[in-house]
Amino acid sequence: MENAWAIDSNESDVVIKSRHSLIGYLPGNTNNLKGHVAIQNNEVEDASIEFSLNVNNKKNASDEKNKEMKLTDLFEENETPLIQFKSTSFQKINKNINFLKGFLTIKNITKVVEFDTEFIGFNNYNGVEKASFEITGSINRKDFGLNYNLLSQNGYTPIGKEIKLIANLEFTH
């Protein structure tokens, strides 16, 4: 595909959060991010995204307090540590707003999800062309068996039923 741009894992990451707190930061270079976008006349014409995230690959940003919820608290990290997404369709609305639909698998439960896909724009780093995207979407954690009842010093740590996934993806040409 002559206009294909591929994901640069070193410059991409996925953040998983609830309304009030960061749950996990998953850097692309320790996970499996694959995909391409087709860009013509500085506009996105098509996109295909696939990623496999391992919750055990989480970067420890200065040892978080024990009472803070961690990504691994939501998963049986030894049994089902992978979060997988494979897009099935891309719908272009306008230059910046697009929808990416696909299959999301968490804890061996697969559901069809739709993510908002914003084309951030182009950059040029040391002669390498790059295109940046932000993919966002919310899932109901109970749909995927993500139950959370961690008892902390202050009682139960609150977490809403909605979990937001934000993928910051950078593609190179």
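Up top is the structure.
Residues numbered from 1 in each chain as written. Predicted model: local features only at pLDDT ≥ 70, side-chain atom pairs only at ≥ 80, totals over all residues. Heavy atoms only, no water.

So, on to the pattern of salt bridges. A complete count under the given rule lists five salt bridges for this structure. Put simply, Glu45 and Lys92 hold a salt bridge, and the shortest N to O gap is 3.5 Å. Residue Glu45 is located in strand E5 (residues 43-54), and its partner Lys92 is located in strand E6 (residues 82-92); the two are separated by 47 residues in the primary sequence. Between Glu170 and Lys130 there is a salt bridge, with the nearest N and O atoms lying 3.5 Å from each other. Of the two residues, Glu170 sits in strand E12 (residues 162-172) while Lys130 sits in strand E9 (residues 128-140), which places them 40 residues apart along the sequence. Of the residues examined, Lys130 reaches a relative accessible area of 8% and is grouped as buried. Residues participating in the shared-partner salt-bridge network are Asp8, Lys130 and Glu170. (Salt bridge = Lys/Arg side-chain N within 4 Å of Asp/Glu carboxyl O. Helix = DSSP H or I, 4+ residues; strand = E, 2+ residues; numbered from the N terminus. Buried < 20%, exposed > 50% of the residue type's maximum accessible area, 1.4 Å probe, protein only.)

What follows deals with the side chain of Glu170. In this structure Glu170 comes out as buried when scored by relative accessible area, which is 10%. Excluding its chain neighbours within four sequence positions, the residues that come into contact with Glu170 are Ala6, Ile7, Asp8, Glu11, Ser12, Tyr125, Lys130, Ala131 and Ser132. (Contact = heavy atoms within 4.5 Å.)

On to the pairing of E12. When strand E1 (residues 4-7) meets E12, the two strands line up antiparallel, connected through two bridges. Note on E12: the bridge partner recorded for Ile7 is Phe171. Bridge count between strand E2 (residues 13-17) and E12: five bridges; the pairing is antiparallel. Bridge pairing links Asp13 to Asn168 in E12. (Pairing = 2+ DSSP bridges.)

Let us now look at the packing of aromatic side chains. One pass over the full model with this rule turns up six aromatic pairs. With a centroid separation of 5.1 Å and 80° between ring planes, the pair formed by Phe119 and Phe122 is classed as edge-to-face. According to the relative accessible area criterion, Phe119 is buried, its value standing at 4%. (Phe/Tyr/Trp six-rings, centres within 6.5 Å; stacked < 30°, edge-to-face > 60°.)

Bridging between E5 and E6 involves five bridges; their strand directions are antiparallel. When the bridges of E6 are listed, Asn54 appears paired with Leu82. Two elements, E6 and strand E7 (residues 97-106), share nine bridges in a ladder whose sense is antiparallel. Bridge pairing in E7 links Gln84 to Thr105.

Once that is clear, we can look at the environment of Lys86. Of note, Lys86 is situated in strand E6. According to the relative accessible area criterion, Lys86 is partly exposed, its value standing at 46%. Taking the C-alpha atoms as reference points, Lys86 and Phe103, 17 residues apart in sequence, are found 5.4 Å from one another. Residues contacting Lys86, with those up to four places away along its chain left out, are Ile49, Glu50, Gly102 and Phe103. Here the side chain of Lys86 touches Glu50 through a polar contact of 3.3 Å, side chain to side chain. (Polar contact = N/O pair within 3.5 Å; in protein donor to acceptor, adjacent residues only side chain to side chain.)

Another aspect to go through is unusual backbone geometry. Here the phi dihedral of Lys107 falls at roughly 50°; this positive angle occurs in a residue that is not glycine. Counting through the fold element by element, Lys107 comes out in the loop between E7 and strand E8 (109-125). Judged by its relative accessible area of 17%, Lys107 falls in the buried class. The residue Asn108 is not glycine, and still its phi comes out positive at about 65°. Structurally, Asn108 is set in the loop between E7 and E8. Residue classification places Asn108 among the exposed residues on the basis of a relative accessible area of 67%.

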